[in-house]
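Residues per chain, in single letters:
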Amino acid sequence: MYLIEANFTRCSIHKFTTTRSVMSKPTAIMDIDQWVHLYADDLLRWANTRISNKETARDLVQDTFLSALNSRGSFKGESSPKTWLFSILNNKIMDHYRSSKKGVLWNETATTQSAESVSDELFDRYGNWEVNGFEDQWNDTGNLLDNNKFVQVMDHCMEDLPEQWRHLLQHKYLLDKNADDICQEHGLSKSNYWQILHRAKLLMKQCLEVKWFKSQRS
Amino acid sequence: MSFLMLSCKKATELIEKQQVTPLGWVEKIQLSSHLSMCRACSAYKTQSKKIDQLWRVHHQMPGQEIMSDAEKKELVEFLKKNL
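Keep in mind that this is a model prediction, so the values were computed, not measured. For every chain, the first residue of the written sequence is number 1, and numbering continues from 1 onward in sequence order. Naming scheme: in the order in which they are written, chains are lettered from A and ligands are numbered from 1. Two thresholds apply to this predicted model, a pLDDT of at least 70 for residue-level local features and 80 or more for giving and counting side-chain atom pairs, whereas whole-chain, interface and lining totals are computed over all residues.

S.K.: Sorry if this is basic, but what is going on with the overall build of chain A here?
M.R.: Scanning chain A for helices and strands turns up eight helices and zero strands. Only DSSP runs of H or I with at least four residues qualify as helices, and only runs of E with at least two residues qualify as strands; both kinds are numbered from the N terminus onward. Written out in order from the N terminus, the α and β elements of chain A read α-α-α-α-α-α-α-α. Sorting the 218 residues of chain A into buried and exposed places 27% on the buried side. Working definition of a contact: two residues with C-beta atoms, positioned from the backbone, lying within 7 Å. Considering only intrachain contacts with a sequence separation of at least 6, the fraction spanning at least 24 residues in chain A is 64%. With C-beta atoms placed from the backbone, a residue counts as buried when 20 or more other C-beta atoms lie within 10 Å of its own, as exposed when 12 or fewer do, and as partly exposed for counts between those limits.

S.K.: Teacher, can you tell me more about unusual backbone geometry here?
M.R.: Negative phi values dominate among residues other than glycine, just as trans dominates among peptide bonds. Residue and element names in this part refer to chain A. One non-glycine residue with positive phi stands out, namely Asp176, at about 55 degrees. Relative to the elements of secondary structure, Asp176 occurs in the loop between helix H6 (163–174) and helix H7 (179–186). Judged by C-beta crowding, with 21 C-beta atoms within 10 Å, Asp176 ranks as buried.

S.K.: What's the story with the interface of chain B and chain A in this structure? I'm lost.
M.R.: Frequently, the measure chosen for interface size is the accessible area that the parts lose on association. Taken together, the contact between chain B and chain A spans 38 residues of the former and 37 residues of the latter. Contributing elements (two or more residues each) for the side of chain B that touches chain A: helix H1 (8–20), helix H3 (39–60) and helix H4 (69–81) of chain B. When residues of the side of chain B that touches chain A are assigned to their parent elements, the largest contribution, 15 residues, is made by H3 of chain B. The classification used treats Ala, Val, Leu, Ile, Met, Phe, Trp, Tyr, Cys and Pro as nonpolar, Asp, Glu, Lys and Arg as charged, and all other residues, Gly among them, as polar. A class-by-class count of the residues in the side of chain B that touches chain A yields 16 nonpolar, 11 polar and 11 charged.

S.K.: Even after reading the chapter, I still don't get the nonpolar core, so can you show me in this structure?
M.R.: Nonpolar side chains tend toward joint burial in soluble globular proteins. Residues and elements named next belong to chain A. In this usage, the nonpolar core is the set of buried Ala, Val, Leu, Ile, Met, Phe, Trp, Tyr and Cys residues whose C-beta atoms join them within 7 Å. Counting residues in hydrophobic clusters, the biggest one holds 24 residues, and the most contacted among them are Ala40, Leu43, Leu44, Ala47, Val61, Leu85 and Leu89. Contributions of two or more residues to this core are made by helix H1 (32–50), helix H2 (54–70) and helix H3 (81–99). Residue contributions to this core peak at nine residues, all from H1. With near-sequence residues (within four places) excluded, Leu89 lies in contact with Leu43, Trp46, Ala47, Leu60, Val61 and Thr64. Within the second largest apolar cluster, 21 residues are counted, among which are Cys157, Leu169, Leu203 and Trp212.

S.K.: Would you explain helix H5 (residues 148–159) of chain A in this entry?
M.R.: For an α-helix the count is 3.6 residues per turn, leaving residues at separations of three or four pointing the same way. With 12 residues, H5 of chain A ought to run about 16 Å at 1.5 Å a step, and its terminal C-alpha atoms sit 17 Å apart, in line with that. Those residues of H5 of chain A not exposed but buried are Met154, Cys157 and Met158 of chain A. All buried residues of H5 of chain A lie within an arc of 100 degrees about the axis, which places them on one face of the element. Counted as exposed and oriented over 90 degrees from the buried face of H5 of chain A: Asn148, Lys149, Gln152, Asp155 and Glu159 of chain A. Elements that come into contact with the buried residues of H5 of chain A comprise H6 and helix H8 (190–216) of chain A together with H3 of chain B. To estimate how far a helix should extend, the number of its residues minus one is multiplied by 1.5 Å. Directions from the helix axis toward the C-beta atoms define the arc.

S.K.: Quick question: what am I supposed to make of the packing of H2 of chain A against H3 of chain A here?
M.R.: Axis angle and axis distance: for two packed helices, these are the angle between their axes and the distance between the axes, and together they describe the pair. Residues and elements named next belong to chain A. Remark: H2 packs on H3, axes separated minimally by 9 Å, with the N-to-C direction vectors making an angle of 130 degrees. What the angle tells us is that H2 and H3 run oblique. In this structure, H2 meets H3 at a crossing whose hand is right-handed. Residues Thr56, Leu60, Val61, Asp63, Thr64, Ser67 and Ala68 of H2 lie in contact with H3, whose contacting residues are Leu85, Ile88, Leu89, Lys92, Ile93 and His96. A breakdown of the residues in the contact of H2 with H3 according to their chemical character gives seven nonpolar, four polar and two charged. Lines are fitted to the C-alpha atoms to define the axes, a helix being fitted only along its stretch in contact, and any angle between axes, read from their N-to-C directions, falls within 0 to 180 degrees. Here is the rule for angles: anything less than 35 degrees is roughly parallel, anything more than 145 is roughly antiparallel, 65 through 115 is roughly perpendicular, and the remaining ranges are oblique. Each crossing is labelled by how the near helix is turned from the far one, with a counterclockwise turn of less than a right angle marking it left-handed and a clockwise turn marking it right-handed.

S.K.: Which parts of the structure should I look at to understand the environment of Thr64 of chain A?
M.R.: Relative to the helices and strands, Thr64 of chain A resides in helix H2. Leaving out residues up to four positions away in the same chain, Thr64 of chain A has contacts with Leu43, Leu85, Ile88, Leu89 and Lys92 of chain A.

S.K.: What am I meant to see in helix H2 (residues 25–37) of chain B here?
M.R.: All names here are of chain B. A rise of 1.5 Å per residue sets the reference length of H2, with its 13 residues, at 18 Å; its end C-alpha atoms lie 19 Å apart and thus fit the reference within 8%. Regarding H2, the residues found buried are Gln30, Leu31 and His34. Here the buried residues of H2 occupy an arc of 95 degrees about the axis, which is enough to place them on one side. In H2, the exposed positions that point more than 90 degrees away from the buried face belong to Trp25 and Ser36. Summarising the contacts, the buried residues of H2 are in contact with H1 and H3.

These values are about where atoms sit, not about what they do.
So, in structure tokens, the structure goes:
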């Protein structure tokens, strides 16, 4: 089974994608071997960040490939295979949460609203910083991600972000999409988009300072 | 408050906005003026870049293989069977 390999070039030249995506022509047969080797790790990695049970995460990745195979006729190659597979996986993760007996913890509007008020509270009513003093602590962040404890804190902080925001971050940092594409796909104005990024960064800053930098202070 | 004086909240917004879309010339002046006077927001600008890097690595985790070749082969076999 063969895929026609082609360099995937984006219409927008703003962002240069560092990974060369393999694009299949609409009528080409999906090469299972190739797709598993290209995308299984990324998909599983992502599933693990969303689902605590490793077995379940693996099952969902398997189901993702299965769904993709079964509906390969509908994959027209308009997006990259990676994007397509990730959207299938994300839907499966959502379905998993919805049907999980543990109960759906998300009332997404409430989560976003509470996250917004947390980020607002970082400033007083004049718009000045409420909390301060951690500027210097960020200077030695060189090899932080080599530190497992930090990685755990970081994961924890990511968990605190609303699902919608994490979704956008995934599209930006994992799928390497540019702002225009993200805005169009999610029905956001540019202004909404950078405001979400802004709030997400404020929350990350706050979370990392409280959970990491504070304890590093001698 | 003079039109040049941004709040820190507004300044941090512009720092992010700048990453996505170019600022107007008034915004540029307001922001650089604020940053020259505000240590916390200058620090925030650096922190913002660091978070950007952290997010990038967090999402891409280069080189970290979590499915062994054997497991991938198994998956491929399973998928082929269920075609």
